[in-house]
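Spelled out, the chains give:
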Amino acid sequence: MSAVFGFVGLGAMGIPMSGRLLDAGYDIVGFDLNKDRVKEFEKRGGRSVPSLQALADETESIFLSLPMPEIVESVTLGESGLCHGKKVKSIIDLSTTGSVMAESVHKQLLAHGITFYDSPISGGVGGAIKGTLAVMYSGSRDKFDELEAALSVFGKPFYIGEKPGQAQTMKLANNLLSAAAMSATSEAVGMGVKAGLDPKIMIDVINAGSGMSTASRDKFPKSVLPRTFDYGFATGLMFKDVRLCMEESRHLGVDMPVASSVYDSWKKTNDTIGAEKDFTTIVQMVEQSMGVLIKPQEK
């Protein structure tokens, strides 16, 4: 393949995603402020440039994988942003920003002759490594058809709609369910432990029954019960996604009382346990509240 893509954001998700593109034969030019990440990217076979301007001067299509909406806005529209590049024509944002931000960035970039496509992903670091992410896309169908082969390197692409921001709405709906499952499972298992149940047996029963979710299937067995709390996604990022979902609901004028409770749970975890901690540490907040330790019983 001879296609050349730029890639901004070589973090926990960006490194495996850009690496998969390299492995698939694409020429990837990367940028990140973290020099260690850049070195890792270069070891994978990528080529780096010293600035966003340099990236936008030599690549027509650029992927973004960034943690916060404000960073996406700065990277695309700031004084040294991609909008000032001589060659860039399209930006595909794999980040989670919310539809309002996506629509705003899309509109502003059009004035620079650049089209912005929101294409958030779901599936975590494990999915990025394995290439099993859900890839949501909104924008022109023709551009989706053009990008589909590259997006398929990340996982399964879904065409959500033509309107900018629609893929962001889809992502926020998905992450609300993920956040709710983690919060509810933590409380349910905490209640059982308070009653004297073995949390490992509880998770086995839940996974064999109707209460199974990604929280019980993946996060509890891999990160909670072993008490490693290292699933690979920060509490601050999960809280950000739930916050954006609440902002989306207000923007649309819809009442979401369950989502509001999920928001409260994650805000408390973010404030109490810490934004930088792994999001599975929501269990520790429940433990503190209930006076329990969610740990398999010794035989």
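For the structure, see preceding data.
Residues numbered from 1 in each chain as written. Predicted model: local features only at pLDDT ≥ 70, side-chain atom pairs only at ≥ 80, totals over all residues. Heavy atoms only, no water.

A. Broad picture of the pattern of salt bridges. As enumerated under the stated definition, the model contains eleven salt bridges in all. With a shortest N-O distance of 3.5 Å, Asp-145 and Arg-141 are connected by a salt bridge. With a gap of four residues between them, Asp-145 and Arg-141 both fall in helix α7 (residues 141-154), about one helical turn apart. Judged by relative accessible area, which is 43%, Asp-145 ranks as partly exposed. Two residues, Lys-240 and Asp-241, come together in a salt bridge whose shortest N-O distance is 3.1 Å. Asp-241 shares its class with Lys-240; the two are buried. (Salt bridge = Lys/Arg side-chain N within 4 Å of Asp/Glu carboxyl O. Helix = DSSP H or I, 4+ residues; strand = E, 2+ residues; numbered from the N terminus. Buried < 20%, exposed > 50% of the residue type's maximum accessible area, 1.4 Å probe, protein only.)

B. View of the nonpolar core. Met-182, Val-189, Phe-220, Val-224, Trp-266, Val-283 and Ile-294 are the most contacted members of the largest nonpolar core, which has 31 residues in total. Those elements giving two or more residues to this core turn out to be α8 (166-194), α9 (199-208), α10 (214-224), α11 (235-252), α12 (257-272) and α13 (282-290). Here the element with the most residues in this core is α8; it accounts for seven residues. In terms of nonpolar packing, the next biggest core, distinct from the first, is built from 27 residues, Phe-7, Tyr-26, Phe-41 and Tyr-137 among them. (Core = buried A, V, L, I, M, F, W, Y, C linked by side-chain atoms within 4.5 Å.)

C. A look at unusual backbone geometry. Backbone geometry at Arg-227 places phi at a positive 60 degrees, although glycine is not the residue there. Phi at Phe-229 is positive, roughly 45 degrees, even though this residue is not glycine. Looking at the element boundaries, Phe-229 is found in the loop between α10 and α11. What makes Phe-229 buried here is its relative accessible area of 11%.

D. Structural context of the packing of aromatic side chains. Counted under the stated rule, the structure contains twelve aromatic pairs. When the ring of Phe-63 is compared with that of Phe-154, the centres are 5.6 Å apart and the planes differ by 80 degrees; the resulting orientation is edge-to-face. Of this pair, Phe-63 sits in strand β4 (residues 61-64) while Phe-154 sits in helix α7, and the two are 91 residues apart along the sequence. Taking 5.4 Å as the distance between ring centres and 40 degrees as the angle between the ring planes, the aromatic pair formed by Phe-239 and Tyr-263 counts as tilted. (Phe/Tyr/Trp six-rings, centres within 6.5 Å; stacked < 30°, edge-to-face > 60°.)

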